[in-house]
Amino acid sequence: MKLWGGRFTKATDKSVEEFNASIQFDCRMYAEDICGSIAHATMLAKQGILSEADKNAIVAGLKTIYGQIEEGNFPFSVELEDIHMNIEKRLTDAIGEAGKRLHTGRSRNDQVALDTHMYVRREIAAVSKLLVKLQESILKTAEKHGDVIMPGYTHLQRAQPVLFSHHMMAYFSMLSRDFIHMQYAWDMADRMPLGAGALAGTTYPLDQPAVADMLHFSKIYDNSMDAVSDRDYIIAFLETAAQIMMHLSRLSEEFILWSSSEFKFIELDDAHCTGSSIMPQKKNPDICELVRGKTGRFYGHLMAVLTMMKGIPMAYDKDMQEDKEGLFDAIDNIKFALTIYSAMIDGMTVNAKRMRDVLERDFSNATDMADYLAKKGLPFREAHAVVGKAVHYCIEQGKVLQQLSLAELQDMSPLFAEDIHHFLDIETCVNQRNTYNGTSPSSVKRQCKAGQKAVVQEQQVIAQWDAAVSAVYDLLR
Ligand code: ARG
């Protein structure tokens, strides 16, 4: 019989049972479900709602079940619908009467909310660690290739030379904002919903602060109806994940271009590429393509939960069971993406010579030529026109700007002098862009230094999260 079977006279239709069940995916929250139940039972006993003996039997029984699940020795049953009822039924089968008292003052509505909050908190800590590790890989590459100059692009047309490290540190900055997003997601998830009951609170004298303490939540929901029906923390996580993937997708696009024969700016390690079953010469950047491709499903998961939530009346509705599959899929895939990206950046080869060759044969220093004239007093718009003509002339002659003789240049403007060739030098172009966030070596060094500091601060935040999370799982020992 079902745990809720009392008022029913007929068995559940088989396809209804299967459609209604969530055990196929919520089984991964078993540790959270058990920790939550241990905390709940401990609090019930402390409040005199449950006897010490019953509490001890429940806690011991739950620990045994935890061991069985860990060993793969627990038959999950669709008939028992979800992780909560699977564990409760098994507990009751094992310890009898006492097991039936565990659900006192609790509903699956606040139970599932509690489990999912704990699960999301744990995964925020885990994903954030990988995020920071990727930032460290970016920092390492930036520092390793500190003097490599590459063409910078706008409209995917060569624009101005930049340091390769500057280009990479742009991604570091994006990931720093993603970490801020993670902190927000943590704040949303760090709220304890247990005690809300089905929706209205309970008639038992529960000690909710004690449960929050045991489970290391820093806040308790103010409103029981909100507590059981809030999914903002899931949305916050999915938004964060979607944004991280959007950033990785941009980087993917660049790596795909850069590793093509047309660019040849980088070579990805063999360990991170795949071959073709027909074309023996191929080395394909599948991982980058997959990350770019999978970004779509993250947006999908976010849209699905936002849309699922938008029309449901207070408080819990079964629609909300739909919050989990996308969440779990996002967690699994983002961990893969972050892990592989970090290794891929550590292992890639940067082809400095090729980048340099491209710059020597192009017009990325045209702005600098115009700036040269403007600094000598010519209004910038006029300087722009002079250099535009110079570029046109070069294209006709099959030359680049730095190959023009002083005589040719002075024909275009008498303001050109000997020193122009120094200013057209690619190094000079980069060195001179020494504004606060510019591409000069000194600016990029400052960025890297600030980046090192940011990483340490992020690691300190994660250590606090880790401490809270791991203290929860101590309840299982
Ligand atoms: N499996 C359910 C979910 O994930 C648990 C809560 C069920 N509550 C209920 N009243 N049916 O949402």
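Quick note: structure is the one above.
Predicted, not measured: the structure shown is a model, and the values here were computed from it.

Novice: How do you make sense of the site of the ligand when you look at a structure like this?
Specialist: Around the ligand, the neighbouring residues are Ser-22, Asp-26, Asp-82, His-84, Arg-108, Asn-109, Val-112, Tyr-316, Gln-321 and Lys-324. Note that a nitrogen atom of the ligand is positioned 3.0 Å from one of the side-chain N or O atoms of Asn-109. Compared with its free state, where it exposes 340 Å², the ligand has 86% of that area covered by protein. Examining the composition of the shell around the ligand, we find that 3 residues originate from one element, helix α7 (residues 108–144), more than from any other.

Novice: I keep staring at the pairing of strand β2 (residues 157–163) and nothing clicks. Help me out?
Specialist: One face of the sheet, then the other: side chains in a regular strand alternate in exactly this way. Sheet topology note: the strand β1 (residues 149–154)/β2 ladder contains 6 bridges and is antiparallel. Pairing of Tyr-153 across the sheet is with Arg-158, part of β2. Between β1 and the antiparallel strand that follows it, β2, lie 2 residues; His-155 among them carries a positive phi value of about 55 degrees.

Novice: For this particular structure, what's the right way to read the environment of His-384?
Specialist: Note that His-384 resides in helix α16 (residues 380–397). On a C-alpha basis, the gap between His-384 and Ala-374 in space is 8.7 Å, while along the polypeptide they are 10 residues apart.

Novice: Can you help me understand unusual backbone geometry in this one?
Specialist: Both trends apply: most residues other than glycine have a negative phi, and most peptide bonds are in trans. Of note, the bond from Met-314 into Ala-315 is cis; its omega dihedral lies within 30 degrees of zero at -5 degrees. One can find Ala-315 in the loop between α12 (286–310) and α13 (324–347). A positive phi angle, close to 55 degrees, is found at His-155, a residue other than glycine. Here His-155 shows up in the loop between β1 and β2. The phi dihedral of His-216 is positive, around 55 degrees, even though this residue is not glycine. Relative accessible area serves as the criterion here: at 36%, His-216 is assigned to the partly exposed category.

Reading guide: rules and limits
- Residues numbered from 1 in each chain as written.
- Predicted model: local features only at pLDDT ≥ 70, side-chain atom pairs only at ≥ 80, totals over all residues.
- Heavy atoms only, no water.
- Near = heavy atom within 4 Å.
- Polar contact = N/O pair within 3.5 Å; in protein donor to acceptor, adjacent residues only side chain to side chain.
- Areas by Shrake-Rupley, 256 points an atom, 1.4 Å probe, with all protein chains shown as cover.
- Helix = DSSP H or I, 4+ residues; strand = E, 2+ residues; numbered from the N terminus.
- Pairing = 2+ DSSP bridges.
- Buried < 20%, exposed > 50% of the residue type's maximum accessible area, 1.4 Å probe, protein only.

Everything listed here is a matter of coordinates, which is why it stays silent on function.
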